[in-house]
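Examination of the molecular architecture
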Amino acid sequence: MRNFFKKNLKKFPKLFTFLKKYPLRFYRNIKLQELEFPRQIWIENTNHCNASCVMCPRELQTRSKSIMSFDLYEKLIIEISKYPHLVERVHMHNFGEPLLDKKLVERIKLAKDHGIKHVYFVTNASLLNSKNALNLIKSGLDEFKISFYGVNESTYNSTMKDLDFNITLNNVRNFFDLRKSLKATKPKVVLQLIPQSLNDANLEKEWVNLFKEYLDDEIGDRFNFYQLHNFGDGRDYVETMDHNIRNTCKFPWNTMVILQDGSVTACCLDYDGQINLGNVNEQSIYDIWNGEKYKKIRADFKKLNYKDYKPCQKCNFPVD
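Below: a short report on this structure. (Residues numbered from 1 in each chain as written. Predicted model: local features only at pLDDT ≥ 70, side-chain atom pairs only at ≥ 80, totals over all residues. Heavy atoms only, no water.)

Considerations on the nonpolar core
Rules: To qualify as a nonpolar core, a set must consist of buried Ala, Val, Leu, Ile, Met, Phe, Trp, Tyr and Cys residues joined through side-chain atoms within 4.5 Å. Relative accessible area decides the class of each residue, using a 1.4 Å probe on protein chains only: under 20% of the type maximum gives buried, over 50% gives exposed, and in between gives partly exposed. Contacts between residues were defined by any pair of non-hydrogen atoms, one from each residue, lying within 4.5 Å.
In this structure, I80 and F148 are the most contacted members of the largest nonpolar core, which totals 89 residues. Every residue in contact with I80, bar those within four places of it in the chain, is listed here: F37, I41, I43, V87, V90, I116 and I285.

A closer look at the side chain of R298
Our working definition: Secondary structure elements are defined from DSSP: runs of H or I of at least 4 residues count as helices, runs of E of at least 2 residues count as strands, and each element is numbered from the N terminus. When charges are tallied, Lys and Arg are placed among the positive residues and Asp and Glu among the negative ones, while His and the ends of the chain are skipped. Just to be clear on terms, a salt bridge is a Lys or Arg side-chain nitrogen sitting within 4 Å of an Asp or Glu carboxyl oxygen.
Mapped onto the elements of the fold, R298 is located in helix 12 (residues 292-302). Here R298 sits buried without a salt bridge, and the closest side chain of opposite charge, E34, lies 4.5 Å off (N-O distance). Those residues in contact with R298 that sit more than four places away from it in its chain are E34, P252, W253 and W289.

Some thoughts on the environment of F121
One can find F121 in strand 4 (residues 119-123). What makes F121 buried here is its relative accessible area of 0%. Ignoring any residue separated from it by four or fewer positions in sequence, one finds F121 in contact with H91, M92, H93, P98, L104, I108, L136, L141, E143, F144 and K145.

Concerning helix 9 (residues 203-211)
An α-helical segment advances 3.6 residues per turn. Residues three or four places apart therefore align on the same side. Worth spelling out the cut-off: Our arc is simply the arc of the directions from the helix axis toward the C-beta atoms.
Within the span of helix 9, buried status applies to L203, W207, V208, L210 and F211. An end-on view of helix 9 places all buried positions within 150° of arc, on one side of the element. On the buried face of helix 9, the contacting elements are helix 7 (153-159), helix 8 (165-181), strand 7 (188-193) and strand 8 (222-225).

Section: the pattern of salt bridges
Side chains carrying opposite charge are able to pair once their charged atoms draw close together. Applying the stated criterion across every chain, the model contains 10 salt bridges. One salt bridge connects K186 with D142, and the closest N-O pair in it is separated by 3.1 Å. On the criterion of sequence distance, the pair formed by K186 in the loop between helix 8 and strand 7 and D142 in the loop between helix 6 (130-139) and strand 5 (143-147) is long-range, its members being 44 residues apart. Owing to a relative accessible area of 33%, K186 belongs among the partly exposed residues under this scheme. Overall, the relative accessible area of 9% leaves D142 in the buried class. Where D308 meets K296, a salt bridge forms, and the shortest distance between an N and an O atom there is 2.9 Å. One end of the pair, D308, is in the segment after helix 12; the other, K296, is in helix 12, with 12 residues separating them in the sequence. Each of K296, D300, K307 and D308 takes part in salt bridges that share partners, so that together they form one network.

Keep in mind these values describe shape, not function.
If you want it as structure tokens, here you go:
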């Protein structure tokens, strides 16, 4: 049967192109489920950041910078807590450094007190001093990821600009030592590297050696190696063209991103909040998720129609 298709598809080049281009899209479309509430919710506690990392398009951000009000945050957590059977994770971070928020620990405790099963964030760890480390361990935080791009002062400081290699490295190691001394099993830690940031494949092993004796496999610590991406339309690391977009982005079926001012966007890569799907100051998460704007974006994405969504047009995620 396979040979039959191979022979006959050559006789019908348009059909061959169609099947080559779209099978993954149709397969994914069939598997997409329209749930009554998102599985993952990103709550941007702040979009301030103390770094100017070269891979991050912070210089293109024009929206106002602030910290989400605690009242709004509490309202969100109360609503989220009503859907424990659906919500898999609350991600307390988006386009900023979460440790700049002095109420971060209070927010984490509130989420855990309301039964949120998994609370998580991403940090550059430059502010992960002993006090913050201890408070995070005691807060009930389940997991966090540390972006650490470099093996020495030269590689790190040139990539994670405005930060200091030695300060951050000491912060990370001290956190592991403190967690071990307290015999705590949470939070588990993901240490992330973008290998391209080193400009030398031989340095990857050297990077692993910085941390490998500190990670605890039994707790669930791990390394993560991540590839550069376009950050929506913010960078051009990966070439994209309309005819290369072959996949349906599944974010509108799984994830809601709530920015610090309450605006809702479809994806964490929409760094400037250009896609407006609603505002939680005016509506509930449930009503926005089940509203007309979300219905439209899902219908458009199924057709690979990204023309009304500027950040998506150069995103490499839907590309082969």
